[in-house]
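Here is how the chains run, residue by residue.
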Amino acid sequence: TKRWPDNKFNDLVKSFLETSFGRIRIFIGPREESWFADSPLAALAQFEPTGRVEIIRDKTLLEVAAGLAECQRLVTNDSGLLHLAEAVGTPVTALFGPTVREFGYFPQLRSSRVLETDLDCRPCSRNGKRPCHRGDLACLERIAPVSVWQDLKVAIETES
């Protein structure tokens, strides 16, 4: 319930690859393997002709932390990866759905950013474990990839 839909991540990666020369790392944890393997995002990463997409999987926590430390920025859900990235000094663009700042889960680094949708049903869960009572995950579905890409470009330009 706290995961931005994979088709939206796929669209974001496409936008990045079409308009940037940078590299992308996609961090896949054990819980993501089940949906990732057959996703359009996995296919995009596997067949990306320039080799600018790297899939990070089957790593220890220390290896993931080291990989995050090498990143300029992480686009992430409200997750442990968000906090690990910040712990190693990597700013995040965090996508928040069922949880809110008042719960204490927001990023702490000054250069980190949060994108969220203002809905009257938010927050719907303290930690995002309850299913969406609306049934549509509008809080995350309404965060458009183009908005994330625009915000990401501004963040990167500001940091440069």
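**What to know about the overall build of the protein**
Summing up its helical and strand segments, the protein has seven helices and five strands in all. Ordered by position from the N terminus, the helices and strands of the protein form the series α-β-α-α-β-α-β-α-β-β-α-α. The C-alpha radius of gyration computed for the protein amounts to 15 Å, which stays within 12% of the reference 15 Å derived for 160 residues, consistent with globular compactness. Taken over the C-alpha atoms alone, the protein extends approximately 45 × 35 × 30 Å along its principal axes. Here the protein, with 160 residues, has 45% of them falling under the buried criterion.

**Focus on the packing of aromatic side chains**
Evaluation of the coordinates by the stated rule reveals four aromatic pairs. Taking 4.9 Å as the distance between ring centres and 80° as the angle between the ring planes, the aromatic pair formed by Trp 4 and Phe 9 counts as edge-to-face. Accessibility assignment for this pair places Trp 4 and Phe 9 in one class, buried. Ring plane angle 85° and centroid distance 5.9 Å describe the contact between Trp 35 and Phe 36, whose orientation is recorded as edge-to-face. For Phe 36, a relative accessible area of 2% translates into the label buried.

**Comments concerning the pattern of salt bridges**
The tally for this structure, following the rule as stated, stands at six salt bridges. The partner of Glu 54 in a salt bridge is Arg 23, with the nearest N and O atoms 4.0 Å apart. A residue pair is termed long-range when its members are at least 10 positions apart, and Glu 54 in strand β2 (residues 53-56) and Arg 23 in the loop between α1 (6-19) and β1 (24-27) qualify at 31 residues. Between Glu 70 and Arg 25 there is a salt bridge; the shortest N-O distance is 2.8 Å. With Glu 70 in the loop between α4 (61-69) and β3 (74-77) and Arg 25 in strand β1, this pair connects stretches of sequence that are 45 residues apart. Using a relative accessible area of 58% as the deciding quantity, one classes Glu 70 as exposed. The class of Arg 25 is partly exposed, set by a relative accessible area of 27%. In this structure, a network of salt bridges that share partners links the residues Arg 23, Arg 25, Glu 54 and Glu 70.

**Regarding the sheet that holds strand β4 (residues 92-96)**
Strand order across the open sheet formed by three strands is β3-β4-β5, with parallel pairing between neighbours. Both outer strands of the open sheet, β3 and β5 (113-116), are each paired with one neighbouring strand and no more. Mean inter-strand twist for the sheet, computed between neighbouring axes without regard to direction, equals 20°. Relative to β4, β3 is paired through four bridges, and the arrangement is parallel.

**Let's talk about the nonpolar core**
Note that soluble globular proteins tend to have their nonpolar side chains buried in a common cluster. With 27 residues, the main nonpolar core has Trp 4, Ile 24, Ile 26, Phe 36, Leu 95, Ile 143 and Val 148 as its most contacted residues. Looking at this core, the elements with two or more residues in it are α1, β1, α2 (33-36), α3 (40-47), α6 (138-141) and α7 (145-159). Ranked by residue count, the leading element in this core is α1, at five residues. Not counting residues up to four positions away in its chain, the partners in contact with Ile 26 are Phe 36, Leu 41, Ala 45, Val 53, Glu 54, Ile 55 and Ile 56. Phe 27, Ile 56, Ala 85 and Phe 106 belong to the second largest nonpolar core, which has 14 residues in total.

**Some words on unusual backbone geometry**
At Asp 58, a residue that is not glycine, the phi angle is positive and equals roughly 55°. Topologically, Asp 58 is positioned in the loop between β2 and α4. A relative accessible area of 70% means that Asp 58 is categorised as exposed.

Procedures and definitions
- Residues numbered from 1 in each chain as written.
- Predicted model: local features only at pLDDT ≥ 70, side-chain atom pairs only at ≥ 80, totals over all residues.
- Heavy atoms only, no water.
- Helix = DSSP H or I, 4+ residues; strand = E, 2+ residues; numbered from the N terminus.
- Rg over C-alpha atoms; globule rule 2.2 N^0.38 Å.
- Buried < 20%, exposed > 50% of the residue type's maximum accessible area, 1.4 Å probe, protein only.
- Phe/Tyr/Trp six-rings, centres within 6.5 Å; stacked < 30°, edge-to-face > 60°.
- Salt bridge = Lys/Arg side-chain N within 4 Å of Asp/Glu carboxyl O.
- Pairing = 2+ DSSP bridges.
- Axes fitted to C-alpha atoms, helices over the stretch in contact; angles between N-to-C directions.
- Core = buried A, V, L, I, M, F, W, Y, C linked by side-chain atoms within 4.5 Å.
- Contact = heavy atoms within 4.5 Å.

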